[in-house]
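Residue-level structural notes
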Amino acid sequence: MNSQGDDSVFVRNGKATWTTVLSGNMVNAFRYGLNTDRQADTFDPGTLGGGLGYLDVSVAGVALGPPSYLPRLQPLETRNQFDDDLSWSIGKHTVKVGATFEHVNEDINYLSGRFGSYTYPTVTSFAEDYSGNTTGAKNWTGYSQTFGNPAVVYAIRDLGIYLEDQFKATDRLTVTLGARYERSFAPPPPRPTLRTRPREMRFPPARST
């Protein structure tokens with residue numbers, strides 16, 4: 001638990017290899033790997049009392065209510081990796097050819113300040129707004145809120161192909177020649193959505209005492 005919030009981290013990894021002897025001088029190896037990583041922070045229900053709800057309120061430098069960065073899911077990542085390698089011995093040559101493919105899925109939900117944040121210079125100014133505020137007074141000195149879509153889901157695919165030749169020129173000299181091609185496929189960035197008019201923010205209704 002951190003400041004008025006709960007932290008959760010979950011990691012899962014796994015690998016498997018399937019090796020096949022195709023002939024006396026040819027071996028193929030196929031590998032699969034799964035990696036997941038989930039890091040999340042959420043509200044602690046036991047600290048959401050007092051009528052503030054999800055509001056972040058600072059009174060004379062003292063923070064009330066939950067932190068402004070909650071809730072947060074950053075990230076939920078799932079990585080699937082496939083590799084295949086073929087080795088072939090021909091005389092003084094050892095030829096290797098292979099390919100790798102990765103599919104990474106990212107799920108992020110994070111927008112700091114989405115519920116709004118108030119700043120009060122004194123305890124008195126906060127009490128005047130929060131308790132018995134029949135005149136609709138506004139004694140806060142600052143208010144901020146972040147707008148936007150907190151949820152972002154995208155996938156990245158990586159492809160790699162290689163060819164390698166190890167040539168034993170002499171008993172003391174081995175020459176290695178190779179080439180590799182890699183390409184990444186990433187989604188285009190989302191287009192921003194602009195607001196033409198700011199949204200009016202209101203403080204929660206006052207509580208009667």
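Everything here concerns the structure above.
Bear in mind that the values here come from a model prediction, so they are computed numbers and not experimental data.

Next up on the list: the overall build of the protein. A tally of helices and strands in the protein yields 1 helix and 10 strands. Seen in sequence order, the protein has helices and strands lined up from the N terminus as β-β-β-β-β-β-β-α-β-β-β. For the protein, with 209 residues in total, the buried portion stands at 22%. For the protein, the accessible area works out to roughly 14000 Å², and carbon and sulfur atoms hold 56% of it.

Taken together, 4 strands build an open sheet; the order of strands is S4-S3-S7-S8 and the sheet is mixed. Of all the strands in the sheet, the pair left with one neighbour each is strand S4 (62–64) and strand S8 (142–144). The mean inter-strand angle of the sheet, taken between neighbouring strand axes irrespective of direction, is 15°. The pairing of strand S3 (residues 56–59) with strand S7 (residues 117–120) spans 4 bridges and is parallel. Following the sheet pairing, Ser58 is matched in S7 by Thr119.

As for its position among the elements, Asp165 is in strand S9 (residues 151–168). Separated by 78 residues in sequence, Asp165 and Ser87 place their C-alpha atoms 9.8 Å apart. Within polar-contact distance, the side chain of Asp165 engages the side chain of His93 at 3.1 Å.

Those residues of helix H1 (residues 123–130) that sit buried are Ser125, Phe126, Asp129 and Tyr130. Along the long axis of H1, the arc covered by the buried residues comes to 120°, so they all point the same way. Structural note: H1 exposes Val123 and Thr124 on the side pointing more than 90 degrees away from its buried face. Buried residues along H1 sit in contact with S3, S4 and S7. After H1 finishes, the residue Gly132 shows a positive phi value of roughly 65°.

The strand order across the open sheet built from 6 strands is S1-S2-S5-S6-S9-S10, with neighbouring strands paired in antiparallel fashion. Of all strands in the sheet, those bounded by a partner on one side alone are strand S1 (5–23) and strand S10 (174–185). Taking the axes of each pair of neighbouring strands and ignoring which way they run, one obtains an average angle of 10° across the sheet. As paired elements, strand S5 (residues 72–90) and strand S6 (residues 93–110) share 17 bridges and run antiparallel to each other. When the sheet's bridge partners are listed, Ser87 is paired in S6 with Lys96.

Right, let's talk about unusual backbone geometry for a bit. Leu70 connects to Pro71 through a cis peptide bond whose omega is -5°. Residue position: Pro71 is located in the loop between S4 and S5. Omega for the bond connecting Gln74 with Pro75 falls within 30 degrees of zero, at -5°, which places this linkage in the cis form. Here Pro75 shows up in strand S5.

Regular strands place side chains that alternate from one sheet face to the opposite one. In this structure, S3 lies alongside S4, joined through 3 bridges in antiparallel fashion. The residue bridging Val59 from the neighbouring strand is Val62, located in S4. Between S3 and S4, which follow one another and run antiparallel, lie 2 residues, and Ala60 among them has a positive phi close to 55°.

So, how was this worked out
- Residues numbered from 1 in each chain as written.
- Predicted model: local features only at pLDDT ≥ 70, side-chain atom pairs only at ≥ 80, totals over all residues.
- Heavy atoms only, no water.
- Helix = DSSP H or I, 4+ residues; strand = E, 2+ residues; numbered from the N terminus.
- Buried < 20%, exposed > 50% of the residue type's maximum accessible area, 1.4 Å probe, protein only.
- Areas by Shrake-Rupley, 256 points an atom, 1.4 Å probe, with all protein chains shown as cover.
- Pairing = 2+ DSSP bridges.
- Axes fitted to C-alpha atoms, helices over the stretch in contact; angles between N-to-C directions.
- Polar contact = N/O pair within 3.5 Å; in protein donor to acceptor, adjacent residues only side chain to side chain.
- Arc of directions from axis to C-beta.
- Contact = heavy atoms within 4.5 Å.

These results come straight from atomic positions and should not be treated as a statement about function.
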